[in-house]
Amino acid sequence: MGRAGPRCLSPVPWHPKDPMAALQPVRGTHDLLPDAARAHRAVEQRAFDVARRFGFGEIVTPIFEFTEVFKRTLGDTSDIVTKEMYTFEDRGGESLTLRPEGTAAIVRAFISGGLAQQVPVKAFYRGPMFRYERPQKGRQRQFHQVGIEILGVEGPAADVEVITCGYHILEALGLGGTVTVEVNTLGDLESRAVYREALVAYLKGRQGELSEDSLARLERNPMRILDSKDEGDRAVVADAPILADHLNDTSRDFFARVRDGLSALNIPVEISPRLVRGLDYYTHTAFEFTTTALGAQGTVLAGGRYDGLVKQMGGPPTPGVGWAAGVERLSMLMTDPPPAPRPIAMVPAGAEADALALPLTDRLRRAGFAVDLGYSGNMGKRMKRANKVNARAAVILGDEELAAGEATVRDLDSGEQTRVRLNAVERALDRFR
Ligand code: ATP
Ligand code: MG
């Protein structure tokens, strides 16, 4: 490196259009500064703690996959595949995609990791997802999800369990009372085929009112039109025939058992006959947890059953059910974000005390205390800093204390203070842990 010297410094600007723009985060992305990061981690952690109680174990997949992993599973007509994927060619000429969602990646890992031999598999995941969308409140281009999947369970017990787990997580975030759980069934393949015909016949009658996107879907994936956000489409959809009227006995029975299971566990659900999911691989149960607190972006958690997906990806036929939740949306809503932990402030006065403060701070940190040691300044300045970091207590090392081989431990909330031997500081601080 040294030998090549300055020739290595390439003249390429930071940013292709405007060098100064490189100092801003990319549109639709956000930094998580300390307070936001703490809330964000708390959402993930509480979600995982609850999921663990339901028997889920974490799976971590790479944040990019071969493009095929998403293209083949999400369907050619989905919003994600047609408009939202971050797809690029790497230096080896492979087409890769930053993951827009977690399920396809988990299923890929399930197949390539040989987990199909060990069903049922209960997976939890968390991490960033990437979608090229129009950024707005609660909608970013890099956002984060937590999610769970159960692979290998055919019966409705798994649907009940994932929905219940989601509800417990929202309760753990203080949102139990504010959330509506909407459920619907998309039926099995047979029911959907029958419904599809009825739907297409209806939509053809009102073709003139449909958006361009929806017209394109009319033949290839008419059910997707039910999920459109276009206002004209929505007006047409409002009078469309509904799936519930086209269910066969198997589908009807499956849905009844899901509803019974949820009601036995006191999960308040609303049946929402027009709820469909944006992705091609769903069957039977579909659900969304919504809140009114976020304005337009009211869905915080969404999922459903995807019995066809594993086979479609080349694995052994394996039923699946799961959901994903948006961490940004949940962290905006959580009622009790964890406060910043309060440290102990070390407050030495003078050069001699400074020298002593360093090893004492080190000792306390090893003993498990968070200790804030200002880098310079007199006693007054350091006490101000203790205040600023919201320290719970201060260890004061003044001339008088030093002469006696002691320190003053001050409770910064009550102002109470005591003098203790230097070797007993840990014990005196114990109650501030
Ligand atoms: P929408 O219809 O709002 O676009 P979606 O169907 O694309 O939602 P899912 O793919 O089901 O959403 O994702 C599950 C959850 O992830 C959403 O309910 C939401 O909380 C969150 N989420 C999805 N896209 C974004 C985004 N761009 N920014 C922030 N959170 C998102
Ligand atoms: Mg979307």
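See the structure shown above.
Every value quoted in this text rests on a predicted model; they were computed, and no experiment measured them.

A word on the sheet that holds strand β5 (residues 121–130)
Taking strand neighbours across the sheet as the criterion, the eight strands line up as β1-β5-β6-β11-β10-β9-β7-β8 in an open arrangement whose pairing is mixed. Edge positions in the sheet fall to β1 (57–58) and β8 (269–271), since each has one partner strand and no second. By the bridge criterion, seven bridges tie strand β6 (residues 142–151) to strand β11 (residues 320–326) in an arrangement that is antiparallel. Paired with Gly147 across the two strands is Ala324, which belongs to β11. Contacts from helix α4 (residues 103–112) reach β5 and β6 within the one sheet, and its direction differs from that of β6 by about 45 degrees.

Observations regarding helix α12 (residues 351–366)
The end-to-end C-alpha distance of α12, which contains 16 residues, comes to 24 Å, matching closely the 22 Å that a straight helix rising 1.5 Å per residue would cover. Of all the bends in α12, the greatest reaches close to 25 degrees and is centred on Ala357; the proline Pro359 follows between one and four positions later. Ala353, Ala357, Leu360, Thr361 and Leu364 are the residues of α12 that are buried. Buried residues belonging to α12 abut β12 (344–348), β13 (371–373), β14 (393–397), α14 (399–404) and α15 (425–429).

So, a nonpolar patch on the surface
Taken together, the side chains of Ile63, Phe64 and Phe88 make up a nonpolar region of the molecular surface, amounting to roughly 250 Å² of accessible area. Relative to the helices and strands, Ile63 is located in the loop between β1 and β2 (64–66). Residue Ile63 is classed as partly exposed on the basis of its relative accessible area of 34%.

Structural notes on the pattern of salt bridges
One pass over the full model with this rule turns up 28 salt bridges. Close ionic contact of Asp213 with Lys83 constitutes a salt bridge, the shortest N to O distance being 3.0 Å. Within this pair, whereas Asp213 is found in helix α7 (residues 212–220), its partner Lys83 is found in helix α3 (residues 79–84), the two being separated by 130 residues in sequence. One salt bridge in this structure joins Arg366 and Asp362, with 3.5 Å as the shortest N-O distance. Here Arg366 and its partner Asp362 are both found in helix α12, four residues apart, which amounts to about one turn of the helix. Residue classification places Arg366 among the exposed residues on the basis of a relative accessible area of 71%. Three or more residues joined by partner-sharing salt bridges are found here, namely Arg342, Arg392, Asp411, Asp413 and Arg431.

Rules used throughout
Residues numbered from 1 in each chain as written. Chains lettered and ligands numbered in written order. Predicted model: local features only at pLDDT ≥ 70, side-chain atom pairs only at ≥ 80, totals over all residues. Heavy atoms only, no water. Pairing = 2+ DSSP bridges. Helix = DSSP H or I, 4+ residues; strand = E, 2+ residues; numbered from the N terminus. Contact = heavy atoms within 4.5 Å. Axes fitted to C-alpha atoms, helices over the stretch in contact; angles between N-to-C directions. Expected span 1.5 Å × (residues − 1). Bend = angle between axes of the 7 residues up to and from the residue. Buried < 20%, exposed > 50% of the residue type's maximum accessible area, 1.4 Å probe, protein only. Patch = residues over 30% accessible without salt bridge, like charges linked within 9 Å, V, L, I, M, F, W, Y side chains within 5 Å. Areas by Shrake-Rupley, 256 points an atom, 1.4 Å probe, with all protein chains shown as cover. Salt bridge = Lys/Arg side-chain N within 4 Å of Asp/Glu carboxyl O.

Note that every value here comes from positions in space, so none of it alone points to a role or purpose.
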